[in-house]
Amino acid sequence: MHALNDILHVVATVIVFLGAVPLVVAVIQFLLVGFQRFRYLYETAGDAPFPLPRTAILIPAWNEAPVLTASVEGLLALNYPRDRLRVVVIDDASTDETPQVLRALTARYPGSVEHLRRENGGQGKAHTLNHGLAHVLGDDWAEAVLIMDADVVFDSDALWRMTRHLAEPNVGAVTAYIKEGSGKQGNYLTRYIAFEYITAQAAARRAHNVLGVVACLAGGAQLHRRTSLEAIGGRIDTSTLAEDTVTTFETQLAGRRVVFDGYATVFAEEPGDLASLWKQRVRWARGNLQVTHRYRHVWFRPRARRDQHRLGSTLFGLIWFSLLATPFLLVACSASLLFLYFTDSDRAWALFHLLWVVNLVCYLLIVLMSAVVDPATFRRCWFEALIYPGLVSTCILVITALPDVFLPLLDDAGILPGDGSTPVLMIIIYVWLALSIPIAWIAKLLTGTRLRPLAPVLLTLVGYGSLLTASLVASFVLQARNADMTWDKTKKTGKVRAGR
């Protein structure tokens, strides 16, 4: 029995350390960003001018009347030759004034704007895009295809920055840095998203460039070489909720590189309420689960030749699965700490302390490096960045950082382990990583009730990251139940332009 206890304690110790893996992996990605300078992204261009390919811009639109005029006119005003641009709007059986808006735009910009109408719509973004792709690939005018969303606002030089990568013949697709664009029109939730996008896009995708593999072309700004699209069938996948990720993987599996350009910036309108954000993130997470299963033959199978895809590299697999495993790691970590608390309180406290020290160091590095990667955005969301883990977790981090100050106070209050008691508050602190997930889910549930003012309070306590983890858990449940796949469109209001 003694030997069994020793084994269980060793296993529990290992599991506690695994709880820090997602943050450690995030830090590794930030550290990789500094190596991007050593990877020249368009290696064979030499002294030749960057290409300006004839580009067809596809905009899937369902009831996008409030934003279409500004979006189309903004595209035609880009720092790019007008005669090398064609904006094709695929109207997915809109029931608002979208058709009338498009009639006015096609009349105002003949030859530059096209209106494609689907009378039987409602099948989702991928089907709508395929209708447009069949049209633009039906003749030989387009040399490149830019897929975007109706509300996205491009910086004036964003398209040129993206197309320059096509000077490298092996580059099949390019994606831009999508920023949360509501600015002063936003709220606490959009500021959380703004910070998230620094870490998930500006940093993580630069790290992917270094690894030579990109996880996902941003759905709102993805540029494809025509021949690359044709090599993967000239169509967008319609069998998953992550059509952009499938396209990214297929492009790389076909032997083409995918590149992220962090200086090609575009601005998008993101959800400003918890209910809309939840729907979006559950859809994204469920799509990633579908992609994980679809490409199960790829994971952790590195290729030796440099000209082949690197989707199977060990580090990329670790990055991908550390995100998917986050809820399980947090629950297992909390359960292990609780087990040790009742069987070996001294070890439990030591591991608890070490875990949060690691979390503190990792998170401080992430926050500081985020300020360097995108200082303009960070200035807008610095407070949300500091409380991103939640106020309770932030307090734990502070206590861990200054134990000589806070531990005597906790000792006097009788909530420290080792005195033979099991105070409720101490147990809650030990299992907080797991508790924060259902509390975040409760915050989402409250948004449709009279208690909705409490939702932001709960989210502040548990952290935005806990909400993302809870949506991931929901996606696992839906996928296990084989629930119907629905593409819930985020309502657009045009606040991106108003906020800039």
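Here, residues in each chain are numbered from 1, in the same order as that chain's written sequence. Per-residue local features of the predicted model are confined to residues with pLDDT of at least 70, and side-chain atom pairs are confined, for both listing and counting, to 80 or more; whole-chain, interface and lining totals are unaffected and use all residues. With hydrogens and water excluded, all non-hydrogen atoms of the structure serve as input to the side-chain values.

> Kindly report on the sheet that holds strand β1 (residues 55–61), identifying the contributing residues and their values.
Any two strands with at least two DSSP-identified bridges between them are counted as paired. For helices the rule is a DSSP run of H or I covering at least 4 residues; for strands it is a run of E covering at least 2, with both sets numbered from the N terminus onward. The strand order β3-β2-β1-β4-β7-β6-β8-β5 describes an open sheet built from eight strands, whose pairing is mixed. With partners counted over all chains shown, the strands left at the sheet margins are β3 (113–118) and β5 (153–154), one partner each. Pairing of β1 with strand β2 (residues 85–92), which is carried by seven bridges, proceeds in the parallel orientation. Among the inter-strand pairings, I57 is bridged to a residue of β2, identified as V87. What makes two residues a contact is simply this: any of their non-hydrogen atoms within 4.5 Å. Axes here refer to lines fitted to C-alpha atoms; in helices the fit is confined to the stretch in contact. Angles between the N-to-C directions go from 0 to 180 degrees. Sitting on the sheet, helix α7 (residues 188–211) touches β6 (171–180) and β8 (257–268), and the angle it makes with β6 is about 155°.

> Mind laying out the pairing of β8, listing which residues take part and the relevant values?
Burial status follows relative accessibility: with a 1.4 Å probe on protein chains alone, a residue under 20% of its type maximum counts as buried, one over 50% as exposed, and anything between as partly exposed. Most of β8 sits out of view: eleven of its twelve residues are buried. Relative to β8, β5 runs antiparallel, the two being bridged by two bridges. Note that in β8 the partner of F154 across the bridge is V266. Here nine bridges tie β6 to β8, and the two strands are oriented parallel to one another. From the neighbouring strand, I178 faces β8, where its bridge partner is V266.

> I'd like a description of the pattern of salt bridges, backed by residues and values.
Each reported salt bridge corresponds to a side-chain nitrogen of Lys or Arg within 4 Å of a carboxyl oxygen of Asp or Glu. Inspection of the entire model under this criterion finds 16 salt bridges. Here R164 ties to D261 by a salt bridge, and the two come within 2.9 Å at their closest N and O atoms. Within this pair, whereas R164 is found in the loop between α6 (158–163) and β6, its partner D261 is found in strand β8, the two being separated by 97 residues in sequence. The exposure class assigned to R164 is buried, which follows from its relative accessible area of 11%. D374 is the partner of K179 in a salt bridge, and the nearest nitrogen-oxygen pair spans 3.5 Å. Taken together, the positions of K179 in strand β6 and D374 in the loop between α13 (345–373) and α14 (375–386) put the pair 195 residues apart, joining distant regions of the chain.

> How would you explain the side chain of N359 if you had to name every residue and give the values?
Among the structural elements, N359 can be located in helix α13. Residues within four places of N359 in sequence aside, it is in contact with A20, L23 and L397.

> So what's going on with the confidence of the model for the protein? Residues and values would help.
By definition, pLDDT measures how confident the predictor is in each residue, and it falls between 0 and 100. Averaged over the protein, the pLDDT score is 87; the fraction of residues at 70 or greater is 90%. Segment residues 43–47: pLDDT under 50, and six contacts once partners within four positions in sequence are set aside and those in other chains are kept.

> Break down the packing of aromatic side chains for me, citing the residues and quoting the values.
Pairs were defined over the aromatic rings of Phe, Tyr and Trp, the Trp ring being its six-membered one, requiring ring centres within 6.5 Å. Orientation was assigned from the angle between planes: stacked under 30 degrees, edge-to-face over 60, tilted for the rest. Within this structure, the stated rule accounts for 20 aromatic pairs. For the ring pair Y192 and Y464, a centre distance of 5.3 Å and an interplane angle of 10° mean the geometry is stacked. Of this pair, Y192 sits in helix α7 while Y464 sits in helix α20 (residues 464–480), and the two are 272 residues apart along the sequence. You'll find Y192 and Y464 in the same group, each marked buried. Aromatic pair F195 and Y388: ring centres 5.2 Å apart, planes at 65°, arrangement edge-to-face. Taken together, the residues F195 in helix α7 and Y388 in the loop between α14 and α15 (391–401) connect sequence positions 193 residues apart. What links up through ring pairs into an aromatic cluster is the set F249, Y295, W299, F300, F316, W320 and F321. Either the NZ atom of lysine or the CZ atom of arginine qualifies as a charge over a ring when it sits within 6 Å of the ring centre and within 35 degrees of the ring normal. Against the face of W141 rests R86, its NZ or CZ located 4.1 Å from the ring centre.

> Tell me about helix α12 (residues 326–343), residues and numbers included.
How far a helix is expected to stretch is found by multiplying one less than its residue total by 1.5 Å. With 18 residues, α12 ought to run about 26 Å at 1.5 Å a step, and its terminal C-alpha atoms sit 26 Å apart, in line with that. If you check which residues of α12 are buried, you get T326, P327, L329, L330, C333, S334, S336, L337, L340 and Y341.

> So, unusual backbone geometry: which residues are in play, and what are the values?
Peptide bonds are trans in most cases, and residues, glycine excluded, mostly fall at negative phi. Non-glycine residue A93 carries a positive phi angle of around 55°. Within the element layout of this structure, A93 appears in the loop between β2 and α4 (98–108). With phi around 55°, N482 is a residue other than glycine that occupies positive phi space. Mapping N482 onto the fold places it in the loop between α20 and α21 (495–499).

> Pulling in residues and values, what's your account of the environment of N63?
For N63, the location among the structural elements is in the loop between β1 and α3 (65–76). It is 8.3 Å that separates the C-alpha atoms of N63 and A93, two residues lying 30 residues apart in sequence. Pairing of N or O atoms within 3.5 Å defines a polar contact, subject to two protein rules: one partner must be a possible hydrogen donor and the other a possible acceptor, and residues neighboring in sequence count only if both atoms are side-chain atoms. Among the polar contacts listed, one links the side chain of N63 to the backbone nitrogen of T95, at a separation of 2.6 Å.

> Can you explain the nonpolar core? Please cite residues and give values.
Throughout this description, the term nonpolar core refers to a set of buried Ala, Val, Leu, Ile, Met, Phe, Trp, Tyr and Cys residues connected via side-chain atoms within 4.5 Å. In this structure, F195, L337, L355, W356, Y430, Y464 and L467 are the most contacted members of the largest nonpolar core, which totals 58 residues. Broken down by element, this core gets its largest block of residues, eleven residues, from α13.

> Before we move on, can you summarise the packing of α13 against α15 with the specific residues and values?
Where α13 meets α15, the closest approach of the two axes is 9 Å, and the angle between their N-to-C directions is 105°. By the criterion of interaxial angle, the relationship of α13 to α15 is roughly perpendicular. Residues F352, H353, W356, V357, N359 and L360 of α13 pack against S393, I396, L397, T400 and A401 of α15. Think of it as three bins: nonpolar holds Ala, Val, Leu, Ile, Met, Phe, Trp, Tyr, Cys and Pro, charged holds Asp, Glu, Lys and Arg, and polar takes everything else, Gly as well. Considering only residue class, the contact of α13 with α15 consists of seven nonpolar, four polar and no charged. An angle counts as roughly parallel when it lies under 35 degrees, as roughly antiparallel when it exceeds 145, as roughly perpendicular when it falls between 65 and 115, and as oblique in every other case.

> Could you give an account of helix α18 (residues 432–446), with specific residues and numbers?
Relative to the 21 Å expected for 15 residues at 1.5 Å per residue, α18 spans 21 Å between its end C-alpha atoms, a close match to the ideal helical length. Buried within α18 are the following residues: W432, L433, A434, S436, I437, A440, A443 and L446.

> Any details on the environment of A371? Residues and values, ideally.
Within the element layout of this structure, A371 appears in helix α13. Separated by ten residues in sequence, A371 and C381 place their C-alpha atoms 10.0 Å apart.

> Account for the packing of α18 against α20, with residues named and values stated.
It is the contact of α18 with α20, at a shortest axis distance of 8 Å, that shows an interaxial angle of 85°. Here α20 runs roughly perpendicular to α18, going by the angle between their axes. Together, S436, I437, A440, W441 and K444 of α18 and S466, L467, T469, A470 and V473 of α20 make up the contact between the two elements. Classifying every residue of the contact of α18 with α20 by side-chain character gives six nonpolar, three polar and one charged.

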